[in-house]
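Fold and contact review
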Amino acid sequence: MTRVLITGANRGVGLALVHQYASAGSEVIACCRDPQNAQELQNLARNSGDRVKIMQLDVADQASISALKQAVGVQPIDILINNAGINGTPKPQSANCIDAENWMLTMRINALGPILVAQALRDNILHSSEKKVVAISSVYGSITKDYGAGYASSRERYAYRSSKAALNNIMHALARDWAADGVLVGILDPGFVRTDMTGELGRTSSSSISAEESASGLKDRIAQLTTETSGEFQRFWGEPIPW
Ligand SMILES: NC(=O)c1ccc[n+]([C@@H]2O[C@H](COP(=O)([O-])OP(=O)(O)OC[C@H]3O[C@@H](n4cnc5c(N)ncnc54)[C@H](OP(=O)(O)O)[C@@H]3O)[C@@H](O)[C@H]2O)c1
């Protein structure tokens, strides 16, 4: 049976991924910062026939990552999905105004967290059949193409954009460095998804998609990861994204 570990699994894209993998018969280790208050995830786990197990994880906290490794033990993990992320607000991060502390937190969660979690679970991944590490990135991490230029808010996302560009660079390097061990790395944009992260803009935009639609595309991309596509930056429908 495929075992999938998903970070930031209590809401948004992460919760939709838990639902879809569990429905497809996978075992899911659903990680979140505050399991006690993750009502939807708890309901999902309760009705999953023991396929969904909830574990605590704050990706910005090294002690929490170490505790997760302890809790997971030697179980193989076929697919690690680094989904947890923040958008770098509440204060704008723009050409004229930088909130340094929040920028560093954004880097810590979005860029550093995924590689720390991958390193902690490296043996679990290597002992699995599929050996896949996935980063949920964003087109906002692209440097050559100014995605989101039409939205005023994109000019206030310096921290978010740079954190996703850093994440892309890290995961691209990981694809190269763990390739000899058979590890495949996916770097995927989930689309413009109606979640807490996109808030009112996501709810009212005609171009936004549901978390279920996004998760379905991401799951297909992950299933289709090969040595040829490992390390590529792709949209959830498979189109490559320029770095
Ligand atoms: N929505 C979009 O349109 C969009 C577009 C491009 C990329 N993305 C990316 O997709 C991923 C999921 O986004 P979303 O839209 O589902 O966002 P969301 O609804 O805001 O959910 C974010 C998730 O990340 C978790 N999280 C935040 N900080 C964490 C930490 N330090 N440790 C562990 N978990 C943490 C949150 O947990 P809490 O409930 O504890 O805060 C929550 O589960 C993110 O990486 C995001 O950058 C989203």
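Residues numbered from 1 in each chain as written. Predicted model: local features only at pLDDT ≥ 70, side-chain atom pairs only at ≥ 80, totals over all residues. Heavy atoms only, no water.

1. Considering the environment of Pro240
The criterion, for reference: Numbering of helices and strands starts at the N terminus; helices are DSSP runs of H or I of at least 4 residues and strands are runs of E of at least 2. Remark: exposure states derive from per-residue accessible area (1.4 Å probe, protein chains only) relative to the maximum for the residue type, with buried under 20%, exposed over 50%, and partly exposed in between. Residue contacts are defined here by distance: any two heavy atoms, one from each residue, within 4.5 Å place the two residues in contact.
Tracing the chain through its elements places Pro240 in the segment after strand 7 (233-235). Taking the relative accessible area as the measure of exposure, Pro240 reaches 53% and is therefore exposed. Discounting residues that sit within four places of it in the chain, Pro240 has contacts with Phe233 and Gln234.

2. Some details on the sheet that holds strand 6 (residues 184-189)
Note the following rule: Any two strands between which DSSP finds at least two bridges are classified as paired. Each axis is a line fitted through C-alpha atoms, and for a helix only the stretch in contact is used; angles between axes span 0 to 180 degrees, taken between their N-to-C directions.
In space, the 7 strands of this open sheet follow the order 3-2-1-4-5-6-7, with parallel pairing throughout. Of all strands in the sheet, those with a lone pairing partner are strand 3 (52-56) and strand 7, marking the two edges. Between one strand and the next, the sheet's axes are offset by a mean angle of 20°, whatever the strand orientation. In terms of strand pairing, strand 2 (residues 27-32) meets strand 3 through 5 bridges, oriented parallel. Within strand 3, the residue paired with Cys31 across the bridge is Met55.

3. Thoughts on unusual backbone geometry
Between Thr89 and Pro90 the backbone carries a cis peptide bond, its omega angle lying at 20°. Topologically, Pro90 is positioned in the loop between strand 4 (79-82) and helix 4 (100-120).

4. Here's the deal with the pairing of strand 6
Two faces, one strand: in a regular strand the side chains alternate between the faces of the sheet. Defined as follows: If the strands point away from the viewer and the path from the first strand over the helix to the second runs clockwise, then the crossover is right-handed.
In terms of residue burial, strand 6 counts as a mostly covered element, since 6 of its 6 residues are buried. What you see with strand 6 is no split at all: Leu184, Gly186 and Leu188 on one side and Val185, Ile187 and Asp189 on the other are buried throughout. Sheet topology places strand 5 (residues 132-136) next to strand 6; 5 bridges connect them, and they run parallel. Paired with Lys132 across the two strands is Leu184, which belongs to strand 6. Assessed by its sense of winding, the connection that carries the chain from strand 5 through helix 6 (residues 158-177) to strand 6 is right-handed. The pairing of strand 6 with strand 7 spans 3 bridges and is classified as parallel. When the bridges of strand 7 are listed, Leu188 appears paired with Gln234.

5. Structural notes on the packing of helix 1 (residues 12-23) against helix 8 (residues 211-223)
What counts here: Geometric relationships in this document are graded by angle, where less than 35 degrees denotes roughly parallel, more than 145 denotes roughly antiparallel, 65 to 115 denotes roughly perpendicular, and other angles denote oblique. For a crossing to be left-handed, the near helix must be turned anticlockwise from the far one by less than a right angle; the clockwise case is right-handed.
Look at helix 1 against helix 8: their axes get within 8 Å of each other, and the N-to-C directions meet at 60°. Viewed along their axes, helix 1 and helix 8 adopt a mutual orientation that is oblique. Between helix 1 and helix 8 the crossing geometry is right-handed. Of the residues in helix 8, those in contact with Gly12, Val13, Ala16, Leu17, Gln20 and Tyr21 of helix 1 are Ala211, Glu212, Ser214, Ala215, Ser216, Leu218, Lys219 and Ile222.

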